Amino acid sequence: MALLSLEFMRRAFLAALFIAGIAPMLGVFLVLRRQSLMADTLSHVSLAGVALGFVLNINPNLTTMMIVVLAAIILEYLRTIYRTYSEISIAILMAGGLALALVLMNLNGGNSSLSVQSYLFGSIVTITTEQLYFLGILFGIIVLLFFFFRRPMYVLTFDEDTAEVDGLPVRLMSMCFNILTGIAIAIMIPIAGALLISAIMVLPAAISMRLGKSFTAVIAMSVVVGLVGMTSGLVGSFYLSTPPGAMITLVFIAIFLLVQLTRTFVIQWQRKKRQRKSF
């Protein structure tokens, strides 16, 4: 309760609540579609948008969103060209985004380097009211889209050929999902940081997939794991004076290891129990 008496911590916990709903829900689809590195790619490309904003002396959040949405569209286009080697598109965009960011930083005489570095790690405890509004709106949009398009996205995620046979606009849906993921990353980067946003999106999904037995259960568990990891990491970073994004990531990794070890122990125990019964 002492933490909630601080205004910036109340904003931080509310932001953590929104991110815990946004990141895992998108992360589950990314993992199931074997596009886990797409979040990492778009987060690296976002640095070019940040640098462009400082060069043009305009709001970097606006340029970041524009660059990330453009990169999401290009990523889907490249994925259709290299269907068998989809990782090529990720490598091209990641390298291109970082290269463009470095060139733009140099064009600005290096004055934007410190500002860009703040976007590398982010800070959930310095979130503004405007960013909080954006997170809340994005959270509401994603929840509504999930309830209305859960079944079509389910079919698209597991079998694009079947989705196409069923008459679903596969390319349009895939591109819209990429754009939505790009917008989410652009909004969350100033808070979670470009280097750690992919971990916050992918790790809750990876953990929930080891626990859930159905698609709906995996989605629900990923949100719960995201909420536990976000709030625990936030509290830990406050008392240990560590970067919130890094602490949240370490908490997710600790949960993943705990779940994996527990699952391995239970499987071995059940195997030995069946062996004793057979004798």
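As a starting point, this report considers the structure included with it. (Residues numbered from 1 in each chain as written. Predicted model: local features only at pLDDT ≥ 70, side-chain atom pairs only at ≥ 80, totals over all residues. Heavy atoms only, no water.)

Observations regarding the packing of aromatic side chains
For any two aromatic rings, the description comes down to two numbers: the centre-to-centre distance and the angle of the planes.
Here's step 1: Following the criterion strictly, the structure yields 5 aromatic pairs and no others.
Here's step 2: Ring plane angle 90° and centroid distance 5.3 Å describe the contact between Phe238 and Tyr239, whose orientation is recorded as edge-to-face.
Here's step 3: What links up through ring pairs into an aromatic cluster is the set Phe29, Phe177 and Phe215. (Phe/Tyr/Trp six-rings, centres within 6.5 Å; stacked < 30°, edge-to-face > 60°.)

Here's the deal with the nonpolar core
Here's step 1: Ranked by size, the top nonpolar core spans 77 residues in total, and within it Leu135, Met188 and Met201 carry the most contacts.
Here's step 2: Element by element, the count of residues in this core is highest for helix H1 (residues 7-32), at 17 residues.
Here's step 3: The residues touching Leu135, leaving out its near neighbours within four places in the chain, are Ala15, Phe18, Ile19, Ile22, Ile127, Ile187, Met188 and Ile191. (Core = buried A, V, L, I, M, F, W, Y, C linked by side-chain atoms within 4.5 Å. Buried < 20%, exposed > 50% of the residue type's maximum accessible area, 1.4 Å probe, protein only. Helix = DSSP H or I, 4+ residues; strand = E, 2+ residues; numbered from the N terminus. Contact = heavy atoms within 4.5 Å.)

Remarks on a nonpolar patch on the surface
Here's step 1: Side chains of Ile137, Ile141, Leu144, Leu145, Phe148 and Phe149 sit close together on the surface and give an oily, nonpolar patch of about 610 Å² of accessible area.
Here's step 2: Relative to the helices and strands, Leu145 is located in helix H6 (residues 129-158). (Patch = residues over 30% accessible without salt bridge, like charges linked within 9 Å, V, L, I, M, F, W, Y side chains within 5 Å. Areas by Shrake-Rupley, 256 points an atom, 1.4 Å probe, with all protein chains shown as cover. Salt bridge = Lys/Arg side-chain N within 4 Å of Asp/Glu carboxyl O.)

Here's the deal with the packing of helix H3 (residues 60-81) against helix H4 (residues 87-107)
Here's step 1: At a closest axis distance of 8 Å, the pairing of H3 and H4 adopts a crossing angle of 145°. Every pair of crossing elements has a handedness; the one defined by H3 and H4 is right-handed. Here Ala71, Ile74, Leu75, Leu78 and Arg79 of H3 lie close against H4, whose contacting residues are Ser89, Ile90, Ile92 and Leu93. (Axes fitted to C-alpha atoms, helices over the stretch in contact; angles between N-to-C directions. Left-handed = near helix turned anticlockwise from the far one by under 90°.)

Structural notes on unusual backbone geometry
Here's step 1: A positive phi is found at Asn57, a non-glycine position, where the angle reads about 60°.
Here's step 2: Topologically, Asn57 is positioned in the loop between helix H2 (36-56) and H3.
Here's step 3: A residue is classified by how much of its surface remains accessible, and Asn57, at 70% relative accessible area, is exposed.

Notes on the layout of surface pockets
Any space left empty among the atoms is revealed by the rolling of a water-sized probe across them.
Here's step 1: Considering only enclosed or pocket space, the second largest pocket measures out at about 370 Å³ in volume.
Here's step 2: Lining the second largest pocket we find 16 residues, and of these Leu145, Phe149, Met153, Phe177 and Leu180 sit closest to its centre.
Here's step 3: In terms of residue count, the dominant contributor to the lining of the second largest pocket is H6 (7 residues).
Here's step 4: Along the lines of polarity and charge, the residues of the lining of the second largest pocket split into 15 nonpolar, no polar and 1 charged. (1 Å grid on protein atoms, 1.4 Å probe; cavity = no way out; pocket = protein on both sides within 12 Å on 5 of 7 lines; lining within 4 Å. Points joined across faces, edges and corners; volume = space filled by probe spheres on them. Nonpolar A, V, L, I, M, F, W, Y, C, P; charged D, E, K, R; others polar.)

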